[in-house]
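So the chains spell out like this:
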Amino acid sequence: MANTIDKSEPKANSRTSASGSIVAQDLEVIFTANGLNTIALERTNLSIKSGEFICILGPSGCGKSTLLNVIAGFVKATSGVAFLDGNEIEHPGPDRSMVFQQHSLLPWKTVRENIALGPELIKDNEASKTTEHFLDMVGLKKFEHHYPEQLSGGMQQRVGIARAMATYPKVLLMDEPFGALDYQTRLVMQDNLLNLWSEFDSTVIFVTHDTDEAIFLSDRILVMSASPGRVVLDIKNPLPRPRTQLMFTDARFIELKKRCMEIIIQESMQSR
Ligand SMILES: Nc1ncnc2c1ncn2[C@@H]1O[C@H](COP(=O)(O)OP(=O)(O)OP(=O)(O)O)[C@@H](O)[C@H]1O
Ligand SMILES: [Mg+2]
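For clarity, every value in this text was computed on a predicted model and none was experimentally measured.

Caption draft 1: Structural context of the overall build of the chain. A tally of helices and strands in the chain yields seven helices and 10 strands. The C-alpha atoms of the chain give 18 Å as radius of gyration, which agrees with the globular expectation for 272 residues (19 Å, within 12%). In terms of overall dimensions, the chain has C-alpha extents of about 50 × 45 × 35 Å along its principal axes. Among the 272 residues that make up the chain, the fraction classed as buried is 42%. Restricting to contacts in the chain with at least 6 residues of sequence separation, those with at least 24 account for 75%.

Written out as C-alpha cells, the structure reads:
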C-alpha cells in the first residue's frame, strides 16, 4: 500500500501556519518520588524543523515520554529550556496535541463526540464540519455513533489521532501510539498516518520501540541513550517519499536499521 505524500504540494485542508519548530537546550528533568531522585533527562539538546517527521527510539525508561511531556508542557524541566517557534514552552496549549499508547477516549462519548472535543477545544467556528472531515479522513463515518468500547484497538487509536489532529496542531506528539496493536493493524495505521500527515504542515514527534516503524515514518531519527536519557544518534532518513512498506527490504532501509540497532542494543545493554 503506497501512501500519497508529496510534501512539495500545498495542502488544501491545512490551517496550520508554516511553524512548529522545536528547540531544546540542555534539558534536564529530575523527578523526586518516595525520597528517590530520578534523572529522567540529562543535557538533552535537539532542534526540529517545522513540518519535520521525527521518530525517537531508545531503551525503556530513558526519558522518551518525559521529553514529549516537556514539549507538551505537562512536565516542567528542572533546568534547561524548550522552545516552540522561539517561545519558551511553559504550559500546555492547543498548538500541541498528544496521542498516547493506550487510547484516552471518553467512554461515555461516541466516536463523533470524542473527535468533536478537538475542534470544540479550539473554539472552531466550523466544529461540526471539521469533525465530519476528520471522521471521513480516518474512515470511521459509519461508526460515528459507536462508543469506544464497541471499537477495535486500531479504530480507537484512529479516533484518538483524529481528535488530536482536529485541532490542527503545530506539533503532534505521539507516544508509542501503535504499540498495543497487532502487526497487520500497525502497518495499516502507519500508512494512514502518513496519508493524514500529507494533509498538514504539522511537525510530528513520534516515539516508538519499533525500528522498522521509525524508518518507515520519519524524516529523521533520534536515538536516546540509556537512562538518564540524551540524544546519542541523530540521523537523517535517506528513503524517498512516497513510501511503501515494501521498502523494508530496500538496501538503504537495512543500512539505516543496522546503524540504529547497533546503538539501541548497546544502550539497552547499559540500561540492564
Ligand atoms: N512522574 C514521575 N515521577 C517519578 N519518576 C518518574 C515520573 N515519570 C517518569 N519517571 C521516571 O523517569 C524515567 C524516565 O521515564 P519515561 O517514562 O520518560 O521513560 P520512557 O523512555 O518513556 O520509557 P518507556 O519506553 O518504558 O515508555 C524513569 O526512570 C521513570 O521511572
Ligand atoms: Mg514512555
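Caption draft 2: Spotlight on the sheet that holds strand 6 (residues 96-99). Taken in spatial order, the six strands make up an open sheet running 6-7-8-3-9-10, and their pairing is mixed. At either margin of the open sheet sits one strand with a lone partner, and together these are strand 6 and strand 10 (231-236). Strand-to-strand twist of the sheet, defined as the mean angle between neighbouring strand axes without regard to direction, takes the value 15°. In this structure, strand 3 (residues 53-57) lies alongside strand 9 (residues 220-224), joined through four bridges in parallel fashion. Bridge pairing links C55 to I221 in strand 9. Each of strand 3, strand 6, strand 7 (171-175), strand 8 (203-207) and strand 9 is contacted by helix 1 (residues 64-72), which is oriented at about 155° to strand 7, the strand it contacts most.

Caption draft 3: Spotlight on the pairing of strand 4 (residues 79-84). Pairing of strand 1 (residues 22-33) with strand 4, which is carried by five bridges, proceeds in the antiparallel orientation. If you follow E28 over to strand 4, its bridge partner there is S79. Examined bridge by bridge, strand 4 and strand 5 (residues 87-88) share two bridges and lie antiparallel to one another. In the sheet register, F83 faces strand 5, and the bridge partner there is E88.

Caption draft 4: Seen up close, the environment of V188. By the element assignment, V188 lies in helix 5 (residues 183-197). Take V188: there are 15 C-beta atoms within 10 Å of it, and that puts it in the partly exposed class. Linking V188 and S21, residues 167 residues apart in sequence, is a C-alpha distance of 28 Å.

Caption draft 5: Region of the structure containing unusual backbone geometry. In this chain, S227 is followed by P228 through a cis amide linkage whose omega measures -5°. By the secondary structure assignment, P228 is in the loop between strand 9 and strand 10. Between R241 and P242 the backbone carries a cis peptide bond, its omega angle lying at 5°. With respect to the helices, strands and loops of the structure, P242 is situated in the loop between strand 10 and helix 7 (251-270). We note that K123 has phi near 50°; this positive angle belongs to a residue other than glycine. Along the chain, the position of K123 falls in the loop between helix 2 (111-121) and helix 3 (127-137).

Caption draft 6: Structural context of the site of ligand 1. In the neighbourhood of ligand 1, 13 residues make up the surrounding shell, with F31, A40, S60, S65 and T66 lying closest. Among the secondary structure elements, those contributing two or more residues to the shell around ligand 1 are strand 1, strand 2 (36-48) and helix 1. Per-element accounting of the shell around ligand 1 gives the leading share, three residues, to helix 1. Looking at side-chain class alone, the shell around ligand 1 contains four nonpolar, eight polar and one charged residues.

What counts and what doesn't
Residues numbered from 1 in each chain as written. Chains lettered and ligands numbered in written order. Predicted model: local features only at pLDDT ≥ 70, side-chain atom pairs only at ≥ 80, totals over all residues. Helix = DSSP H or I, 4+ residues; strand = E, 2+ residues; numbered from the N terminus. Rg over C-alpha atoms; globule rule 2.2 N^0.38 Å. Buried ≥ 20, exposed ≤ 12 C-beta atoms within 10 Å, placed from the backbone. Contact = placed C-beta atoms within 7 Å. Pairing = 2+ DSSP bridges. Axes fitted to C-alpha atoms, helices over the stretch in contact; angles between N-to-C directions. Near = placed C-beta within 6 Å. Nonpolar A, V, L, I, M, F, W, Y, C, P; charged D, E, K, R; others polar.

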